[in-house]
Amino acid sequence: MQNKGLIKLFALLFGLVSIYQLSYTFISSKLEKDAETYAISQISEDEEDSVAKREALEASYLDSIGPLPVLGYTSYDDAKKKELNKGLDLKGGINVTLQISVKDILKGLANNTKNPVFNKALADADNASKNSDNTYLELFLEAFDNIKGDTKLASPDIFANKGLSDVVNFQMTDDEVKPIIRRKIDESIVSAFEVLRERIDGFGVTQPNIQREGNSGRILVELPGARDIARAQELLSSTAQLEFWETYPQSNQSLGAFFVNANERLKEILEPVEEEEEVVKPESEIDSLLSDVAQDSLDLTPQVNPLLSKLIPAGPGSHAIARALVTDTAEIGGYLRMREIRRLLPNDVQFTKFLWERPAKDSEIAELFALKSNRDNEPRISGDVVSDAQDTFDQYNKPAVSMTMNTRGAKEWEKLTGDAFNNQTGIAIVLDNKVYTAPGVSSGPISGGRSEITGTFTVNETKDIANVLRAGKLPASAEIIQSEVVGPSLGQEAIDSGFMSFLIAMAFVLVWMVFYYGKAGIFADIALVLNILLIFGVLTSLGAVLTLPGIAGIVLTIGMSVDANVLIFERVKEELARGKGKAQAVADGFSNALSSILDANITTGLTAIILFIFGSGPIKGFATTLLIGIVTSLFTAIFITRLLVDWYISKKGRSLDFSTGLTKNLFTNMNINFLGKRKIAYVASFILVGIGIFSLVTTGLQQGVDFVGGRSYQIRFEKAVNPSEIASELNTVFGSGTNVKTFGEANQIKVTTPYKVDVEGIEVDNEIQDKLYTSLQKYLPDGTSFEDFTVGASEKSIGILQSVKVGPTIADDIKKNAFLAIIGSLAVVFLYILLRFRRWQFSLGAVIAVFHDVMIVLGIFSLTGSIMPFNMEIDQAFIAAILTVIGYSLNDTVVVFDRIREIVNLKGWKNGENINQALNSTLSRTLNTSLTTLIVLLAIFVFGGESLRGFMFAMIVGVMVGTYSSVFIATPIMFDALKKKITSSNE
């Protein structure tokens with residue numbers, strides 16, 4: 001081997017760099033363990049809120065040691081930034097896909113026009129978007145073209161307005177305006193991306209991830225380690241609509257008369273209830289407040305005074321118009337938005353805007369404010385005038401937010417405070433339609449543009465408000481259309497189970513290689529250990545994220561990297577059997593195996609690349625580790641193993657047989673007539689595939705929320721529960737379609753529901769969790785609170801451990817990407833094999849074998865999905881498994897084809913006799929690789945955790961079927977397709 005010195009140097013440097021990169025992970029983990037131990041020693045479990053107190057003390061401890069030097073070259077703060085990134089499933093946290101509303105952006109660009117053609121086009125685009133893959137903008141433009149008549153996009157009341165006057169004028173055609181609107185929308189989405197990034201940077205989690213997804217208006221955000229899930233969701237989806245309004249005083253006589261008249265009118269509206277003995281609901285506007293909370297939750301039984309009986313006079317000194325119980329605010333708000341009630345407002349207050357305060361967490365009372373509004377419902381000052389915001393403390397040492405305004409804002413603020421002083425009214429500071437505070441002005445107009453938001457805040461809340469105000473408001477609403485929330489305790493379990501499977505698989509492979517190849521196996525083991533070190537080192541260096549499927553990818557790499565050493569050692573044994581000397585046999589063995597090794601790894605790598613392109617989240621993690629593993633495996637098997645073998649045999653008197661006493665003559669002189677049995681194989685495969693297709697057509701597959709949309713929750717209880725009983729109860733709450741099944745142990749279930757799958761918003765997520773808590777409370781230990789039950793509480797062993805939400809639109813996209821991934825991988829591999837083997841018959845055999853393998857795996861999942869004791873849903877992880885099966889099957893097939901090509905080039909076809917010889921000569925390698933890979937997969941299946949079982953089952957079936965098909969399907973089909981050419985040749 002040439003350049004041994006260079007390879008040794010490169011291997012040494014590569015290894016040292018990997019150890020150096022991983023040292024940061026070990027340092028940060030060690031210090032965090034110290035912090036945890038310190039917190040436990042300081043705070044007893046018996047203390048109230050002991051878990052929260054320990055977390056706070058841990059954070060304080062780590063903050064105190066953060067900048068201190070460690071080992072002379074780093075610190076905790078530095079090590080934390082450079083440690084191995086752990087994904088959501090290993091660390092806990094939240095992963096969401098946000099959809100920026102292009103509709104909101106269009107309305108903003110059109111200055112909220114009332115133009116009927118524009119608004120009809122928006123409505124048509126809304127309907128079309130439910131069944132189309134096109135972007136919302138394209139659907140809007142198409143709808144506008146269909147109905148526009150003489151109306152132009154450059155009309156004065158659409159886009160040729162004052163706000164766009166510098167880029168759009170009245171003379172422009174629609175075709176000239178369209179690219180401008182596309183650019184403006186893209187700028188708005190970039191702006192939203194930057195706003196979210198600013199907010200996330202201020203949130204306080206390490207290693208956050210935020211990415212745009214093409215031009216779709218979607219933004220992917222991952223916050224590993226985020227424990228306050230509700231806080232994270234609020235931060236991501238709030239628009240930060242900051243407004244300043246002047247309030248009406250309690251003494252306003254027009255508003256007093258309005259409430260009396262509204263109360264009388266409501267008596268008349270609700271009167272039919274008594275006569276018909278039915279429950280009548282106010283207009284559907286109530287639903288907008290409750291985010292589509294089921295209407296039957298609002299039981300509006302008639303009362304003597306339906307409005308006044310629920311209102312409480314505001315206290316002296318308050319600038320609120322009234323107060324009410326928090327539980328009554330939704331009902332009162334619904335009444336006040338009724339058209340019939342709004343018509344009762346006197347002319348001098350006809351545009352009044354009613355808003356509730358943001359009550360304290362445990363408060364039972366909320367204040368109602370009457371704000372001086374106008375025909376356009378525009379505030380006196382909006383949040384875009386805020387130039388800076390800081391979390392601080394007010395004069396009573398309570399958390400507050402101080403703001404500084406720009407020059408324009410300072411002038412408007414001086415005028416507003418002057419009016420409030422003269423009128424003896426308050427100034428309501430409103431954020432996202434909630435009044436945070438409404439102070440009065442006691443000493444005349446306030447100049448300088450400085451103001452303060454006070455209220456019943458926690459320190460975290462003031463940090464978030466200041467962070468959001470600094471970052472600015474989103475240019476449009478951002479809805480969470482897909483989310484995954486993983487509790488920290490589940491993440492730790494995933495780490496434990498993932499590394500257990502890793503260690504077991506590693507131990508087996510190391511022992512097996514020594515058992516089968518003797519001393520040569522030891523060299524392969526050393527290369528394998530270095531390979532694992534390099535994989536983790538590269539992951540850390542690249543800042544890639546390690547996920548549970550990523551650990552599965554590494555463990556699979558262990559099994560597949562053995563293949564390269566097996567190929568080499570089997571070829572060396574053949575060369576030794578021909579009587580060559582050890583040095584020459586090793587050189588020729590490595591050389592002859594190189595072609596097969598490269599072909600096999602390239603085909604697997606191609607499927608991994610397609611996985612990376614079309615996958616998302618954990619699937620990308622799987623593809624990343626698989627790709628890195630392929631590269632490092634090639635390096636260690638081809639170069640490191642060779643260095644070790646050459647070094648050993650260079651010393652006189654040393655023997656290296658590449659086998660042991662038990663395995664020396666195993667699989668030698670095999671002479672199985674594989675082609676002669678191909679018809680039996682064809683019939684058997686035809687029957688298996690036929691049964692699978694029949695089951696797929698009649699029974700189908702259990703599609704997970706990834707493909708159908710909905711929400712799923714992994715819930716753990718203290719004791720075993722009956723899933724059928726729970727399913728019956730939840731179906732009465734959520735309606736039909738809710739599915740409950742045991743997930744792992746008997747005390748753990750997975751609940752999947754399509755309830756309100758079309759409705760976005762955190763309120764709906766909270767509503768569903770509340771209903772789950774209420775329905776399942778009797779199965780929980782006494783004293784379990786809602787906070788204990790929901791995701792986010794650390795160190796817990798019961799409640800919701802993980803939740804996943806997928807909107808119907810993104811579910812369609814996932815299905816489309818899965819289909820493209822499978823078709824794309826088949827097409828790419830067909831072309832690669834065609835280029836390598838120069839005959840389309842080889843590609844045909846390989847692709848049909850892969851199709852055969854995929855259909856059998858799908859058929860088995862369809863046949864056994866309802867009887868297996870683990871999750872058999874078809875989701876993104878399953879698609880990753882299918883693509884990996886494709887890669888493995890092709891790996892096996894390419895090795896066989898490579899040997900066939902080699903032997904046929906030397907000896908000719910001989911009517912298939914030499915094909916049989918090639919198959920027999922690769923049998924040792926085929927069975928060896930398949931066995932080690934299967935044992936590795938079984939280790940993950942048994943010890944890798946419940947979430948990976950379906951994924952691993954698909955791969956176990958795929959490896960077995962793939963091994964069979966490479967010998968009995970791919971090769972015979974290639975032979976039959978070439979048969980006429982073979983028999984007519986003179987070979």
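Remember, predicted model here, so these are calculated numbers, not experimental data.

The rules behind each value
Residues numbered from 1 in each chain as written. Predicted model: local features only at pLDDT ≥ 70, side-chain atom pairs only at ≥ 80, totals over all residues. Heavy atoms only, no water. Helix = DSSP H or I, 4+ residues; strand = E, 2+ residues; numbered from the N terminus. Contact = heavy atoms within 4.5 Å. Areas by Shrake-Rupley, 256 points an atom, 1.4 Å probe, with all protein chains shown as cover. Buried < 20%, exposed > 50% of the residue type's maximum accessible area, 1.4 Å probe, protein only. Pairing = 2+ DSSP bridges. Axes fitted to C-alpha atoms, helices over the stretch in contact; angles between N-to-C directions. Core = buried A, V, L, I, M, F, W, Y, C linked by side-chain atoms within 4.5 Å. Left-handed = near helix turned anticlockwise from the far one by under 90°. Nonpolar A, V, L, I, M, F, W, Y, C, P; charged D, E, K, R; others polar. Salt bridge = Lys/Arg side-chain N within 4 Å of Asp/Glu carboxyl O. Parallel < 35°, antiparallel > 145°, perpendicular 65-115°, else oblique. Phe/Tyr/Trp six-rings, centres within 6.5 Å; stacked < 30°, edge-to-face > 60°. Expected span 1.5 Å × (residues − 1). Patch = residues over 30% accessible without salt bridge, like charges linked within 9 Å, V, L, I, M, F, W, Y side chains within 5 Å. pLDDT = per-residue confidence, 0-100. Lys, Arg positive; Asp, Glu negative; His and termini not counted.

**Notes on the overall build of the chain**
At step 1: The helix and strand tally for the chain stands at 32 helices and 22 strands.
At step 2: Nonlocal contacts in the chain, meaning residues at least 24 apart in sequence, comprise 73% of its contacts between residues at least 6 apart.
At step 3: A total of about 43700 Å² of accessible surface is found on the chain, and carbon and sulfur atoms cover 56% of it.

**Thoughts on the environment of Q703**
At step 1: Of note, Q703 is situated in the loop between helix 22 (678-698) and helix 23 (705-708).
At step 2: Overall, Q703 belongs to the partly exposed group, its relative accessible area being 40%.

**Describing the sheet that holds strand 11 (residues 381-382)**
At step 1: If you trace the four strands from one edge of the open sheet to the other, you get 11-7-14-15, paired in antiparallel fashion. Here the strands that pair on one side only, and so sit at the sheet edges, are strand 11 and strand 15 (434-437).
At step 2: Here strand 14 (residues 427-431) pairs with strand 15 via three bridges, running antiparallel. When the sheet's bridge partners are listed, V430 is paired in strand 15 with V435.
At step 3: The strands touched by helix 15 (residues 407-423) within the sheet are strand 7 (242-246), strand 11 and strand 14, with strand 7 carrying the most contacts at an inclination of about 30°.

**Observations regarding the nonpolar core**
Across soluble globular proteins, nonpolar side chains have a tendency to be buried as a group.
At step 1: Core analysis: the biggest nonpolar cluster contains 135 residues, and F878 and I900 have the highest contact counts within it.
At step 2: Excluding anything up to four places from it in sequence, I900 contacts W909, I915, A918, T971 and M974.
At step 3: Counting residues in each nonpolar core, the second largest holds 47 residues, with I105, L139, A143 and I219 among its members.

**What to know about the packing of helix 28 (residues 840-864) against helix 29 (residues 876-907)**
At step 1: Interhelical geometry of helix 28 versus helix 29 gives an angle of 145° and a closest axis separation of 10 Å. By crossing handedness, the relation of helix 28 to helix 29 is classed as right-handed. Each of F842, A846, V850, D853, V854, V857, L858 and F861 in helix 28 lies in contact with helix 29, whose residues at this interface are F878, I882, V885, I886, S889, L890, T893 and F897.
At step 2: Taken together, the residues that form the contact of helix 28 with helix 29 break down as 13 nonpolar, two polar and one charged.

**Looking at the pattern of salt bridges**
At step 1: Taken as a whole, this structure holds 35 salt bridges when the rule is applied.
At step 2: Salt-bridge contacts for E32 lead to K80; the nearest nitrogen and oxygen are separated by 2.5 Å. Remark: K80 occurs in helix 3 (residues 76-82) and E32 occurs in helix 1 (residues 4-42); sequence separation between them is 48 residues.
At step 3: For E32, a relative accessible area of 23% puts it in the partly exposed group.
At step 4: Across the pair R899 and E574 runs a salt bridge whose closest N-O atoms are separated by 2.4 Å. Remark: E574 occurs in helix 19 (residues 548-577) and R899 occurs in helix 29; sequence separation between them is 325 residues. When sorted by exposure, R899 lands in the same class as E574, which is buried.
At step 5: Three or more residues are tied together by salt bridges with common partners; here these are E246, K372, R380, K415 and D419.

**Topic: the packing of helix 20 (residues 582-614) against helix 29**
At step 1: Running from N to C, helix 20 and helix 29 point in directions that differ by 160°, and their axes come no closer than 8 Å. One way to sum up the angle between helix 20 and helix 29 is to call them roughly antiparallel. When the axes of helix 20 and helix 29 are compared, the crossing they make is right-handed. Across the interface between the two elements, S595, S596, D599, A600, T603, T604, T607 and L611 from helix 20 touch A880, L883, T884, I886, G887, L890, N891, V894, V895, D898 and R901 from helix 29.
At step 2: Partitioned by chemical class, the residues of the contact of helix 20 with helix 29 number eight nonpolar, eight polar and three charged.

**Structural notes on the sheet that holds strand 8 (residues 322-325)**
At step 1: Taken in spatial order, the three strands line up as 8-10-9 in an open sheet, and their pairing is antiparallel. Strands at the two margins of the open sheet, each flanked by one partner only, are strand 8 and strand 9 (353-356). Between one strand axis and the next, the sheet turns through 30° on average, direction left out of account.
At step 2: By the bridge criterion, four bridges tie strand 9 to strand 10 (residues 365-371) in an arrangement that is antiparallel. Looking at strand 10, one finds that K353 is bridged to L371.
At step 3: Relative to the sheet, helix 13 (residues 329-337) contacts strand 8, strand 9 and strand 10, its axis offset from that of strand 9 by approximately 175°.

**Regarding unusual backbone geometry**
At step 1: Here the phi dihedral of L71 falls at roughly 55°; this positive angle occurs in a residue that is not glycine.
At step 2: Relative to the elements of secondary structure, L71 occurs in the loop between strand 1 (69-70) and strand 2 (74-75).
At step 3: Not every positive phi belongs to a glycine, and F658 is a case in point at roughly 60°.
At step 4: Mapped onto the secondary structure, F658 falls in the loop between helix 21 (618-649) and helix 22.

**Focus on the packing of aromatic side chains**
At step 1: For the coordinates displayed, the defined rule picks out 28 aromatic pairs.
At step 2: Geometrically, the ring pair formed by F10 and F635 is edge-to-face, given 5.4 Å between the ring centres and 80° between the ring planes. Pair noted here: F10 is in helix 1 and F635 is in helix 21, with a separation of 625 residues, a long-range link.
At step 3: A relative accessible area of 44% means that F10 is categorised as partly exposed.

**Here's the deal with helix 18 (residues 519-542)**
At step 1: Taking 1.5 Å of rise per residue, the 24 residues of helix 18 would be expected to cover 34 Å, and the 35 Å separating its terminal C-alpha atoms lies within 8% of that figure.
At step 2: Within helix 18, 17 of the 24 residues are buried, leaving the element largely enclosed by the surrounding structure.
At step 3: G543 sits one or two positions beyond helix 18 and adopts a positive phi of about 75°.

**Remarks on a nonpolar patch on the surface**
At step 1: A cluster of nonpolar residues, V683, F686, I687, I691 and L863, forms a patch on the protein surface that exposes about 510 Å² of accessible area.
At step 2: Here the nonpolar patch gets four residues from one element, more than from any other, and that element is helix 22.
At step 3: Checked against the element boundaries, I691 lands in helix 22.

**A closer look at the pairing of strand 7**
At step 1: The buried count for strand 7 comes to five of five residues, which makes it a mostly enclosed element.
At step 2: The two faces of strand 7 match: L242, F244 and E246 on one face and E243 and W245 on the other face are all buried.
At step 3: Strand direction decides the pairing type here: strand 7 and strand 14, joined by five bridges, are antiparallel. Looking at strand 14, one finds that W245 is bridged to A428.
At step 4: Here strand 7 runs beside strand 11; their pairing, made up of two bridges, is antiparallel. For F244, the partnering residue across the bridge sits in strand 11 and is I381.

**Let's talk about the side chain of T625**
At step 1: Among the structural elements, T625 can be located in helix 21.
At step 2: Excluding anything up to four places from it in sequence, T625 contacts L539, L546, G550, G553, I554 and T557.

**What to know about the environment of S29**
At step 1: The residue S29 is located in helix 1 in this model.
At step 2: Looking at S29, the relative accessible area reads 35%, which means it is partly exposed.
At step 3: Note: C-alpha distance between S29 and A79 (50 residues apart in sequence) is 9.4 Å.

**Side note on the confidence of the model for the chain**
At step 1: Per-residue pLDDT for the chain has a mean of 79; in total, 85% of the residues score no lower than 70.
At step 2: When the criterion is pLDDT under 50, residues 273-302 qualifies, and its contacts beyond four places in sequence or with other chains add up to 51 contacts.

**Details of the side chain of E357**
At step 1: In this fold, E357 is placed in the loop between strand 9 and strand 10.
At step 2: The buried charged residue E357 lacks any salt bridge, with R323 as its nearest oppositely charged partner at 7.7 Å.
At step 3: Discounting residues that sit within four places of it in the chain, E357 has contacts with I365, A366, E367, F369, K434 and V435.

**Observations regarding the environment of L137**
At step 1: Relative to the helices and strands, L137 is located in helix 7 (residues 136-147).
At step 2: Among the residues examined, L137 registers a relative accessible area of 8% and is labelled buried.
At step 3: Setting aside chain neighbours within four positions, we find L137 in contact with V102, L106, I181, R182 and I185.

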